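Working through the structure, step by step
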Amino acid sequence: MGENRSSTKPPIVEVAIFVTLAVLAWYILASVEAFEMLVEFVEQYEEYDLDEVILALMCMSTSGFVYAWRRRAESLRELEKRRLAEERITWLARHDLLTELPNRRYLREFADKADASAHNRAIPTYAIYMLDLDGFKQINDLHGHVGGDELLNNVAKRLKGLAATEMVGRLGGDEFIVIVDIGCIPDVMSFGETILNAVTRPMRLDSMHAQVGCSIGVACFPGDGDTFILASDNADTAMYAVKKSGRNGVMRFDKKMQNTLFERAKLESDLTEAVHNHNIIPFYQPIVSLADGSLLGFEALARWTNKDGTQIPPSTFIPLADELGLITELSENMLYQACRDAKEWPKDLMLSFNLSVTQLSDKVLGLRIVRALGHAGFPASRLEIDVTESGLINEPETAKQILMDLQNAGVRLSLDDFGSGYSSLAHLAHYKFDRIKIDQAFIESFEDDKKRNQIIRAIVALGNGLEIATSAEGIEHRSQLEGLRDIGCHQGQGHLFGEAMPATDALVLTQTRCPERDVTIIKPINPYRDETRNQVDNPIKPEPYAEKPKQTG
Ligand code: C2E
Ligand code: CA
């Protein structure tokens, strides 16, 4: 990487020419006896004081020579300074300032050279490793940016210390590239493991131990791409595949990964279009009182049928909308529509609405929700917002502010999926929740699993102690309903009472509900039903909605 520095001394050829010319001039003048001629000439015209004129000319030419020599030395110094400055600018443009490693621009130049030299060669020459650190954000949060920078410098040093590398570069925040001549390593995957071990070894930061993970994608060139840049893009694809499969590992690029990437790109563009065109709509799952089966309200659950007719589950498109920055628009559309639908229900029924984890980092979320309520003309007291514990962890101060804004406006709060995440008592102490929703994983198995049974009892007792209602998710069997009712759980939802249904079906249900019945059982036609799942118990009593005309939604 070191650039050649050219010499600032006068070139030897120049000096030789000057000396030769001087010797030649001396020889000619000596051979014609020029000095004697000059003396004769001066004596002949003594009255003109030519000797003084010649002396003056000699003095002037000597001082002129010294001046010219000094000017030349000065301009050479100037030129050297400019050359060094230009060299520095070129270096800066091609390197990362923090780690002093080559950057993307350097990589492009390297790629051009590799393309030129790889022409006509079929066997792979280079192995390209794309690295992305896992958990770097936490290091920054914990040790500050100075600690983060130190970690990046340590990683750079460790990578530079690896034998056989052709180039080590930093391509952005926590992304690095390592290029190796394949002939110099035993095999591509084991060298990937060597890189992984080097990066993930613990290090000391601020006299504390720190450690990051690393996802590494590998591609070879030529072989995994027609050009070096395409091959490095493919190494990037492999790196993303590592991230998706749980992070911290090494994967070699394979063509199937490209298909996955293509499908993801298509899903991203379909989702963007669906959100903009309001094609994601709320369906409603009944929430009932476990004591008497009466209908208490509905949870709005987002439903999306893609253009080709496939139903994409919220577990796929909600995180994607989060990633693409579409969640605010999606959620606002959903909430507005849900409030308009819920306005048609009897006034004692409430609407439960989910927030995603990233939404709780949006400082003005509380205001957005209150504004949507105002537009739809739906009372805040009938809205209950579901938040998960992971949403409270990321930016606790912002989350606290949002929840306070909502509560001040009269909105109720529910802690969703309790038991599946941190299950922190601190969260229950910190915020005033109106409801705890026990995660459906507990409900699935609590009848045969003593420990889970005890945990549900403990959560219900905790709720009772704190005067927070408890609700069970995913009730599919009558025995589960009875068990939960015995434990004293207040509310519940699940396929036993009904799956999420279109707004028209929900409206019919609100009009025909029978609070005095043991359990209100409804089975709407639901295209989202996962038929591979366990069968839900059949209703024991005749279904009140068997006569209901089929819905087309
Ligand atoms: P969640 O809030 O825990 O919602 C409950 C999930 O359990 C729903 O899945 C519901 O259909 C499913 N479920 C309810 N009863 C049963 C049952 O008896 N058996 C089984 N097997 N499943 C049952 P869904 O609709 O696929 O939603 C999944 C998750 O997606 C939701 O989990 C929620 O976190 C998220 N989500 C759904 N709609 C929205 C939305 O509009 N906004 C946000 N931010 N997240 C949403
Ligand atoms: Ca929920």
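This part covers the packing of aromatic side chains. For the coordinates displayed, the defined rule picks out 13 aromatic pairs. Taking the centre distance of 6.4 Å and the plane angle of 80° together, the rings of Tyr284 and Phe298 count as edge-to-face. Of the two residues, Tyr284 sits in strand S8 (residues 280-289) while Phe298 sits in strand S9 (residues 295-305), which places them 14 residues apart along the sequence. Relative accessible area serves as the criterion here: at 0%, Phe298 is assigned to the buried category. Through a chain of ring-to-ring contacts, the aromatic side chains of Phe110, Tyr126, Phe221 and Phe228 assemble into a single cluster.

Before going further, it helps to examine the coordination of the calcium ion (ligand 2). The coordination sphere of the calcium ion (ligand 2), as far as protein atoms go, consists of Glu299 (OE), Asn354 (OD1), Asp386 (OD) and Asp416 (OD), spread over 2.3 to 2.4 Å. Positions of the donor residues of the calcium ion (ligand 2), expressed as sequence spacing, correspond to E-x54-N-x31-D-x29-D. Taken as a pair, Glu299 in strand S9 and Asp416 in strand S13 (residues 412-418) lie far apart in primary sequence, 117 residues in all. Pair check on accessibility: Glu299 and Asp416 agree, each one buried.

Moving on, we get to the confidence of the model for the chain. Put simply, the chain has an average pLDDT of 88, and 90% of its residues get 70 or more. Taken together, the stretch residues 515-533 has pLDDT below 50 and engages in 60 contacts with residues farther than four places along the chain or on a different chain.

This brings us to helix H3 (residues 50-94). Over its 45 residues, H3 runs 65 Å from end to end, which matches the ideal 66 Å to within 8%, given 1.5 Å per residue. Here H3 has its buried residues at Leu50, Arg83, Glu87, Trp91 and Arg94. The elements touched by buried residues of H3 are helix H2 (34-44) and helix H4 (104-118).

Next up on the list: the packing of helix H8 (residues 255-276) against helix H9 (residues 314-323). Two elements in contact, H8 and H9, have axes separated by 11 Å at closest approach and are oriented at 80°. Judged by the angle between their axes, H8 and H9 are roughly perpendicular. Along its contact with H8, which presents Arg264, Leu267, Glu268 and Leu271, the element H9 presents Thr316, Phe317, Leu320, Ala321 and Glu323. Tallied by class, residues from the contact of H8 with H9 come to 5 nonpolar, 1 polar and 3 charged.

Look at helix H10 (residues 327-342) against helix H11 (residues 365-376): their axes get within 9 Å of each other, and the N-to-C directions meet at 35°. Seen from above, H10 lies across H11 with right-handed handedness. Between H10, through Thr328, Glu332, Leu335, Tyr336, Cys339 and Arg340, and H11, the contact on the second element is made entirely by Arg368, Ile369, Arg371, Ala372, Leu373, His375 and Ala376. Taken together, the residues of the contact of H10 with H11 break down into 7 nonpolar, 2 polar and 4 charged.

In this section: empty space enclosed by the protein. All told, the structure shown has 1 cavity of 30 Å³ or more when counted by the stated rule. Roughly 70 Å³ of volume is contained in the largest cavity. What lines the largest cavity is Thr328, Ser331, Glu332, Leu335, Phe353, Leu355, Gln359, Leu365, Arg368, Ile369 and Ala372. Elements supplying a minimum of two residues to the lining of the largest cavity: H10 and H11. Looking at the lining of the largest cavity, its residues break down into 6 nonpolar, 3 polar and 2 charged.

Judged by how many residues are buried, S8 sits mostly within the fold: 9 of 10 residues are covered. Note that S8 and S9 share 9 bridges and pair antiparallel. The partner of Ile281 across the bridge, within S9, is Arg303. From the end of S8 to the start of S9, which pair antiparallel, there are 5 residues, and Gly293 there has a positive phi angle of about 75°. Judged from the 2 bridges that link them, S8 and strand S16 (residues 491-492) form a sheet pairing that is antiparallel.

Our next topic: the environment of Gly494. Examined against the element boundaries, Gly494 turns out to sit in the loop between S16 and helix H18 (503-512). Assessed through its relative accessible area of 2%, Gly494 is described here as buried. Beyond its immediate stretch of four places on either side in the chain, Gly494 contacts Gln285, Gly474 and Ile475.

This part is about the nonpolar core. Core analysis: the biggest nonpolar cluster contains 73 residues, and Ile280, Leu351, Leu383 and Ile385 have the highest contact counts within it. Looking at which element gives the most residues to this core, the answer is H10, with 7 residues. Those residues within four positions of Leu351 in sequence are excluded, and the remaining contacts are Tyr284, Phe298, Ala300, Ala338, Cys339, Ala342, Trp345, Phe378, Arg382, Leu383 and Glu384.

Turning our eyes to something else, we now look at the layout of surface pockets. Here the second largest pocket is characterised by a volume of approximately 570 Å³. Tyr240, Lys243, Lys244, Arg247 and Arg264 are the residues nearest the centre of the second largest pocket, which is lined by 22 residues in total. Counting only elements with at least two residues in the lining of the second largest pocket, the list comes to helix H5 (136-160), helix H7 (228-244) and H8. No other element matches H8, which puts 6 residues into the lining of the second largest pocket. Its residues assigned to classes, the lining of the second largest pocket comprises 6 nonpolar, 6 polar and 10 charged. Each of domain 2 (104-254) and domain 3 (264-511) gives at least three residues to the lining of the second largest pocket.

With respect to the helices and strands, the residue Gln285 is situated in strand S8. Given a relative accessible area of 10%, Gln285 falls into the buried group. Within the structure, Gln285 has its side chain in polar contact with the side chain of Gln493 (distance 2.9 Å). Not counting chain neighbours up to four residues away, the residues in contact with Gln285 comprise Gly297, Phe298, Glu299, Leu301, Gln493, Gly494, His495, Gly498, Glu499 and Ala500.

Our next topic: the side chain of Asn140. Within the secondary structure, Asn140 is located in helix H5. Excluding anything up to four places from it in sequence, Asn140 contacts His145 and Gly148.

Following the criterion strictly, the structure yields 25 salt bridges and no others. Asp96 is paired through a salt bridge with Arg170; the nearest N and O atoms lie 3.0 Å apart. On the criterion of sequence distance, the pair formed by Asp96 in the loop between H3 and H4 and Arg170 in strand S2 (residues 165-172) is long-range, its members being 74 residues apart. For Asp96, a relative accessible area of 13% gives the class buried.

Here the focus is the sheet that holds strand S6 (residues 213-221). The strand order S2-S3-S1-S6-S7 describes an open sheet built from 5 strands, whose pairing is mixed. Of all strands in the sheet, those with a lone pairing partner are S2 and strand S7 (249-252), marking the two edges. Adjacent strand axes in the sheet meet at a mean angle of 20° when their direction is disregarded. As defined by bridge partners, S6 adjoins S7 across 4 bridges and the pair is classed as parallel. Each bridged residue has a counterpart across the sheet, and for Val218 the counterpart in S7 is Arg252. Sheet contacts for helix H6 (residues 188-200): strand S1 (126-134), S2, strand S3 (175-181), S6 and S7; angle to S6, the most-contacted strand, approximately 150°.

Rules used in this analysis
Residues numbered from 1 in each chain as written. Chains lettered and ligands numbered in written order. Predicted model: local features only at pLDDT ≥ 70, side-chain atom pairs only at ≥ 80, totals over all residues. Heavy atoms only, no water. Phe/Tyr/Trp six-rings, centres within 6.5 Å; stacked < 30°, edge-to-face > 60°. Helix = DSSP H or I, 4+ residues; strand = E, 2+ residues; numbered from the N terminus. Buried < 20%, exposed > 50% of the residue type's maximum accessible area, 1.4 Å probe, protein only. Donors = N, O, S within 2.8 Å, 3.2 Å for Na, K, Ca; no water. pLDDT = per-residue confidence, 0-100. Contact = heavy atoms within 4.5 Å. Expected span 1.5 Å × (residues − 1). Axes fitted to C-alpha atoms, helices over the stretch in contact; angles between N-to-C directions. Parallel < 35°, antiparallel > 145°, perpendicular 65-115°, else oblique. Nonpolar A, V, L, I, M, F, W, Y, C, P; charged D, E, K, R; others polar. Left-handed = near helix turned anticlockwise from the far one by under 90°. 1 Å grid on protein atoms, 1.4 Å probe; cavity = no way out; pocket = protein on both sides within 12 Å on 5 of 7 lines; lining within 4 Å. Points joined across faces, edges and corners; volume = space filled by probe spheres on them. Pairing = 2+ DSSP bridges. Core = buried A, V, L, I, M, F, W, Y, C linked by side-chain atoms within 4.5 Å. Domains from an automatic or database assignment. Polar contact = N/O pair within 3.5 Å; in protein donor to acceptor, adjacent residues only side chain to side chain. Salt bridge = Lys/Arg side-chain N within 4 Å of Asp/Glu carboxyl O.

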